[in-house]
Amino acid sequence: MRHRRTISLLTWMVIVLGIVASGIGLFSGDGAEKGGSHPFYTSIRGEKIELYGTGIYKDDSLSAASQAIAQDGITLVAGIPLLLVSLLLSLRGMIRGRLLLAGALGYFTYTYASYCFLAMYNDLFLVYVMLFSASLFAFIMVFRSLERDGVLMNSQLPAVRIGFILLLIAFLIIMLWLGRIAGGWRQGTSPEGLEHYTTLVIQALDLAVLLPVMVLTGGLLVRRQSYGYLLAPVVLVKAATLLTSISSMMIGMLRAGVHVSMVELILFPIFNLAVIWCLILVLRNAQEPAPPAIPLPIE
């Protein structure tokens, strides 16, 4: 793997800063339970928004802070270990390690891009920026190495089935987000969940980047094209970690007494299980590169 030292340095930077950011986010508040007292803020749209009021997320809404704390928990107990294990496997020359590393770095890129652009400004802003930058450039270098070397899959891989699952998940999430936006248009109000924030950052990232890549990957897999084999494990690792975070976020929102759409409460855990199943199949069928041939001694 080219740029091994640079990738290692950037990944270790993400690991250390990720522990700092997620640890502070998880433990800096007073853990106010459901029914506790939270300050209110009147947004520019005239809506009264319940703020979290404590810790690093004190200026965020109760809903957004509950989601961020749940995501910090997933990052700390799953994202960081995945990043560490995948880095060690990739340094041993294992293709599965690089696939996992690219997906894990994609998760950190998406997560801290959303923290940079969505969360209310706090003392960790520069940490979020460094995490976003380091994970983005490390992801690009790992993905380019995979693109250059190629990813081969066993013929037993149910590529068409996995492709259709990705297409279905992408279609349903697109309809879900467009429905949320259209609901605001119909009622002449801001979309549900916007609260005192400026725009729908998560929906923008999903509709502009994540979901188009998922559609492209699904289409390539259905057609059994080789580039789909490269994108599939990266997209699936990213989707699995993200959907696990979303499932955790919804649990955190319910515990905080925040309303959660029943459709989202049912669909996202189902998507999560489906993506994890697809990821297991892809990793199981990824072919490790053959060891370099040892030249025979000349007699």
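Residues numbered from 1 in each chain as written. Predicted model: local features only at pLDDT ≥ 70, side-chain atom pairs only at ≥ 80, totals over all residues. Heavy atoms only, no water.

1. Re the environment of Phe 40
Here Phe 40 shows up in strand β1 (residues 40-42). Judged by relative accessible area, which is 51%, Phe 40 ranks as exposed. Along the sequence, Phe 40 and Gly 53 sit 13 residues apart, while their C-alpha atoms lie 8.8 Å from each other. In contact with Phe 40, not counting residues within four places along its chain, are Lys 48, Ile 49 and Glu 50. (Helix = DSSP H or I, 4+ residues; strand = E, 2+ residues; numbered from the N terminus. Buried < 20%, exposed > 50% of the residue type's maximum accessible area, 1.4 Å probe, protein only. Contact = heavy atoms within 4.5 Å.)

2. Notes on unusual backbone geometry
Notably, Glu 195 is not glycine yet its phi reads approximately 55 degrees, a positive angle. Within the fold, Glu 195 resides in the loop between α5 (159-187) and α6 (201-222). Not every positive phi belongs to a glycine, and Arg 224 is a case in point at roughly 55 degrees. Within the secondary structure, Arg 224 sits in the loop between α6 and α7 (226-255).

3. A word on the packing of helix α2 (residues 62-91) against helix α3 (residues 95-117)
The N-to-C vectors of α2 and α3 enclose an angle of 150 degrees; their axes lie 8 Å apart at closest approach. Compared by their axis directions, α2 and α3 come out roughly antiparallel. α3 is crossed by α2, and the crossing has left-handed handedness. Here the residues of the contact of α2 with α3 sort into 15 nonpolar, seven polar and two charged. (Axes fitted to C-alpha atoms, helices over the stretch in contact; angles between N-to-C directions. Parallel < 35°, antiparallel > 145°, perpendicular 65-115°, else oblique. Left-handed = near helix turned anticlockwise from the far one by under 90°. Nonpolar A, V, L, I, M, F, W, Y, C, P; charged D, E, K, R; others polar.)

4. Overview of α7
Over its 30 residues, α7 extends 44 Å from the first C-alpha to the last, a length consistent with the 44 Å expected when each residue adds 1.5 Å. At Ala 232, α7 shows its largest kink, close to 30 degrees, and the proline Pro 233 lies no more than four residues downstream. Burial runs high along α7: 24 of the 30 residues are buried. Just beyond α7, the residue with positive phi is Gly 257, at close to 80 degrees. (Expected span 1.5 Å × (residues − 1). Bend = angle between axes of the 7 residues up to and from the residue.)

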